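Fold and geometry: a report
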Amino acid sequence: MMLGIAAQLPPAGSSGDVPEGAVIFLDFVNSIFWDGTALVSSTDLLVDFDVADVNGDGLVLGAGNWPIATGAFFDTFTDLLANGGVTVVVELTIDAQYNIGNGSQYASGPIMQIMDGIDADLTTNAIYADIYDGFHLYVGDSNDLTEVGGSVDTAQPAGIERRAFTLFRDLGGGSWQTASTTNGGPAQSTTTSHGGGYFTVVEIDVFAVESWTYPLEKARVRRLTVYEAKTPAEIDVLTEINDWPQWIAYTTNSSGVAATSHPVTAPAHETGDLIIVFAAFDGTPTISIASGTGWTIGDQQVSNGQVVGAWIWKIADGSDTLTLGSSDSEKMSYVAMSYRNAADFEAAFTTGTAADAQSPSLSPSGGAGKYAFVSVIMTDGSAGTPAAPPANMSRYMSQVGTSDGGSVYYADKWVDGDGFAPAAFDLSAQEWVGFTLALNA
């Protein structure tokens, strides 16, 4: 028996709310699928995808997972495409499972392929929205009526991304507008004129083009929302990501010689960004701020009389140089990160000596929210160089010091929830200090 629409809607204010004005909504993280009038099963809107490929980061593509729009998704989309225009907004989790130090990583691949056939190789007419080179959401078509490359806010290179495009927004007088944008824009758009009408749509491949075995890569799809056509200014607003913390940049280094003064190079940032330095010192020195204004030592802990782990933070104000001091002459390694939209944060710690160091679970005092969780392990000497981040985290990097120094291992994860328990790093046995931090906008 079907429940009434009001009874089926998620509770007001929850992270799984159907967005206002949405005509189709697919929320893979919260398992909410909306056909415009009621909550339905995922298979009522998409076929040829496996719900087993969904986790807390969203839907992963490839490996035989080739979603195709069906039911109200297909019908509503094609109706809007032919009558006034349609807007699609997609929220992604960057999920490359890779070493940040190897270079920036972005999503790439298709968001949507709209075709007059069921095989991309045999299709005569098509409209496509593809992420390419990580910086653009390119929208085009086989008749060159809709080509536009949406801009990306390159100050937001990782974590959560939101991308949107509008097709055939009716401007009147035989003119239609296409636009695309990423992370708040500004959107790029183009206006075209033609005799009206368009090809008959037979299939809409979503996040993949099956006959080309071409899926969206290095990201998971959290949510997809379909609206009646929005203006470029409106899609810029819809793709703003200031409700999530965002990782901006990093720096790393290790001391060549023991010293009591340890300069730190701050990562790229803007005024108002949060900068956190994660530092490992050999021995048991007491850590201090030798020079630099506005810096605070968040915590420093000792493991088994062999290594000190510390984190030091500041809200950037334009004068952000830092030199750390140690009470004894020791070697030091650090990883420094800058974050945007991270006004609130808290931390927990643990220490150990065994292999596979694991920072503690953390349930922030603020309760449920949108968090960037950071897991950092500081070791005596070196505990190796892991090939991948902890199993349930998205990205990592390390700054490995000498055998008579210290090393820092860093990983992060974006979570819409009320807590997180980081998995272990693949590290050899060594004295270590572990911190978990929760950053919240």
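Residues numbered from 1 in each chain as written. Predicted model: local features only at pLDDT ≥ 70, side-chain atom pairs only at ≥ 80, totals over all residues. Heavy atoms only, no water.

By the definition in use, this model includes 13 salt bridges. Residues Arg-340 and Glu-270 are paired through a salt bridge, measuring 3.7 Å at the closest nitrogen-oxygen approach. Of the two residues, Arg-340 sits in strand E27 (residues 332-340) while Glu-270 sits in the loop between strand E21 (259-264) and strand E22 (274-282), which places them 70 residues apart along the sequence. Lys-314 is the partner of Asp-320 in a salt bridge, and the nearest nitrogen-oxygen pair spans 2.9 Å. As far as the burial class goes, Asp-320 and Lys-314 line up, both buried. (Salt bridge = Lys/Arg side-chain N within 4 Å of Asp/Glu carboxyl O. Helix = DSSP H or I, 4+ residues; strand = E, 2+ residues; numbered from the N terminus. Buried < 20%, exposed > 50% of the residue type's maximum accessible area, 1.4 Å probe, protein only.)

With that settled, the discussion passes to the packing of aromatic side chains. As enumerated under the stated definition, the model contains 11 aromatic pairs in all. Each ring, one from Tyr-371 and one from Phe-373, has its centre 5.4 Å from the other, and the planes form 45 degrees; the classification is tilted. Under the relative-accessibility criterion, Tyr-371 is labelled buried at 5%. Note on Phe-373: relative accessible area 0%, which makes it buried. Each member of the aromatic cluster is reached from another via a ring pair, and the members are Phe-28, Phe-33, Phe-49 and Phe-207. Stacked on the ring of Trp-247, the Lys or Arg Arg-395 has its end atom at 4.3 Å from the ring centre. (Phe/Tyr/Trp six-rings, centres within 6.5 Å; stacked < 30°, edge-to-face > 60°. Lys NZ or Arg CZ within 6 Å of the ring centre and 35° of its normal.)

A few words now on the confidence of the model for the protein chain. Per-residue confidence for the protein chain averages 88 on the pLDDT scale, and 89% of its residues sit at or above 70. Under a pLDDT of 50 for its full length, residues 1-15 has, in the predicted model, 22 contacts with residues more than four places off or in other chains. Here residues 152-156 is a poorly scored stretch, pLDDT under 50, and it has 16 contacts once near neighbours within four places are set aside; other chains count. (pLDDT = per-residue confidence, 0-100. Contact = heavy atoms within 4.5 Å.)

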